[in-house]
Amino acid sequence: MDPSPSPAPPTPPKRSLAGGLLLFLLFALVLAAAGWYGWRHWQQEQARIESLALQQRQALDARIDALRATQQAQAQRLQQAEATNRVLRDELLGIGQRAALLEDSVSKLADPDRRGAQSLRLDEIELLLGIGQQRLRLGDDLDGARRALALAAPLVDGIDDPAYLNLRQTLAQEQAAMEALGADPRVRAQALLDALMAGLRAAPAATAGSTRPEPWYQRLLARVIRVQPTAGAGLQQRPDREAALAALQVEATLARAAIERRDGSALAAALARIDDGLQRLLAGSAGLAGKRRIVAELRALPLRADSPLSGTTLQQLRALRGQ
């Protein structure tokens, strides 16, 4: 039996060009969709990262602001602490100074020369002598200084310590020097000024020779012409005399103020103007020479009285007490 011939294998169907193009388009669409999805996912991821970075940056800024506020608070606390330390240091220095003063006071109280009644008496003597010295230096008050020395004298006499024996002699010498100064120059100057201004409102003085009888020819010529010297006649008209008197009163007031201030230059200027006014007001008068002598005495009178021994007792007392 002859073998039958085997059938030929089927040939695969040929793909068409349209099918391949369709597959390529599908593949391209899938690839584009995957790319678009990946790009969207990448954008979302970048937005998430940027949002996270923004949150971190905001949190960092908030922390920095908090640190700045904390730093400012610490700086204020440091300033307050520094001010407190300065106050405490000043208080500590004050306490140290007070402690030194207390120690000095205790050491002085422990000194046998400053114990009990003698210490109080020496303090009182020093106070009186200091008051007298200040009255003399600041106010030129001679009477006040003399009274202070007089009050201190019995206290000095009551001290039995031999170390203060020389103090009595010094005080007696200072008292004698103060008494030798006499009255306050201001009192003398005011009295002289009052004497100078006294009697200026009297009637104008008659010219020299007016009391003698005139010859007959002068009486005859006086009816026709009258001759009167002007150099030594003074001010005869009442308005002129009143004006000159008012000016002299003003100058006298200025002179009194200069005397109270003990201003020698201002007093000399006022006296010069008063002297000129007196020569005009009292020209030809017999009292002009006396007034000018008073003016000269006022010019020569010192307004300040000073003693070379002033304050010696106080200096010696402080030297003895070791001050």
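For clarity, every value in this text was computed on a predicted model and none was experimentally measured. In every chain, residue numbers begin from 1 and rise along the written sequence. With the structure being a predicted model, the display of local features is reserved for residues of pLDDT at least 70 and the display and counting of side-chain atom pairs for 80 or more, all residues being used for whole-chain, interface and lining totals. In computing side-chain properties, one takes all heavy atoms of the structure into account and sets aside hydrogens as well as water.

Before going further, it helps to examine the confidence of the model for the chain. When pLDDT is low, close inspection of the predicted coordinates is not appropriate. Chain-level statistics for the chain give a pLDDT mean of 78 and a share of 80% at 70 or above. Each residue carries a pLDDT score, the predictor's confidence in it, ranging from 0 to 100. Helix and strand definitions here come from DSSP, where helices need a minimum of 4 consecutive H or I residues and strands a minimum of 2 consecutive E residues; each element is numbered from the N-terminal end. Within the chain, helix α1 (residues 17–110) carries the highest mean pLDDT (86), whereas helix α6 (residues 216–222) carries the lowest (62). We call two residues in contact whenever any of their non-hydrogen atoms come within 4.5 Å of each other. Counting contacts from residues 202–211, a segment whose pLDDT is below 50, to residues more than four positions away or on other chains yields nine contacts. Of the regions scoring below 50 in pLDDT, residues 228–233 engages in six contacts with residues more than four places distant in sequence or in other chains.

Interaxial angles span 0 to 180 degrees and are taken between N-to-C directions of axes, which are lines fitted to C-alpha atoms, for helices over the stretch in contact. In the contact formed by helix α5 (residues 185–197) and helix α7 (residues 238–261), the axes pass within 10 Å of each other and the chain directions differ by 175°. Between α5 and α7, the interaxial angle falls into the category roughly antiparallel. Within the contact between the two elements, α5 uses Arg186, Ala189, Gln190, Leu193, Asp194 and Met197 and α7 uses Leu248, Gln249, Ala252, Ala255, Arg256, Ile259 and Glu260. Gly is placed with the polar residues, together with every amino acid not listed as nonpolar (Ala, Val, Leu, Ile, Met, Phe, Trp, Tyr, Cys and Pro) or charged (Asp, Glu, Lys and Arg). For the contact of α5 with α7, the per-class residue count stands at seven nonpolar, two polar and four charged. Note on angle classes: values under 35 degrees are labelled roughly parallel, values over 145 roughly antiparallel, values of 65 to 115 roughly perpendicular, and the remainder oblique.

Let us now look at a nonpolar patch on the surface. Patches here: salt-bridge-free residues with over 30% relative accessible area, like charges joined within 9 Å, nonpolar side chains (Val, Leu, Ile, Met, Phe, Trp, Tyr) joined within 5 Å. To be clear on the numbers: accessible area is Shrake-Rupley with a 1.4 Å probe, and residue cover counts the displayed protein chains and nothing else. The salt bridge criterion pairs a side-chain nitrogen of Lys or Arg with a carboxyl oxygen of Asp or Glu, the two atoms within 4 Å. A contiguous nonpolar patch, built from Leu22, Leu23, Leu26 and Leu29 and spanning about 410 Å² of accessible area, is present on the exposed surface. Its location among the elements puts Leu23 in helix α1. Between buried and exposed lies partly exposed: a residue is buried under 20% and exposed over 50% of the maximum accessible area for its type, with that area taken using a 1.4 Å probe on protein chains only. Classification of Leu23 as exposed rests on a relative accessible area of 55%.

Right, let's talk about the pattern of salt bridges for a bit. Evaluated as defined, the whole model comprises nine salt bridges. The partner of Arg256 in a salt bridge is Asp194, with the nearest N and O atoms 2.8 Å apart. On the criterion of sequence distance, the pair formed by Arg256 in helix α7 and Asp194 in helix α5 is long-range, its members being 62 residues apart. Linking Arg292 and Asp275 is a salt bridge whose minimum nitrogen-to-oxygen distance equals 3.1 Å. With Arg292 in helix α9 (residues 288–300) and Asp275 in helix α8 (residues 264–281), the pair connects residues that are 17 residues apart, well separated along the chain. Relative accessible area serves as the criterion here: at 37%, Arg292 is assigned to the partly exposed category. Given the relative accessible area of 8%, Asp275 is considered buried. Among the charged side chains, a salt-bridge network with shared partners connects Asp275, Arg292 and Arg299.

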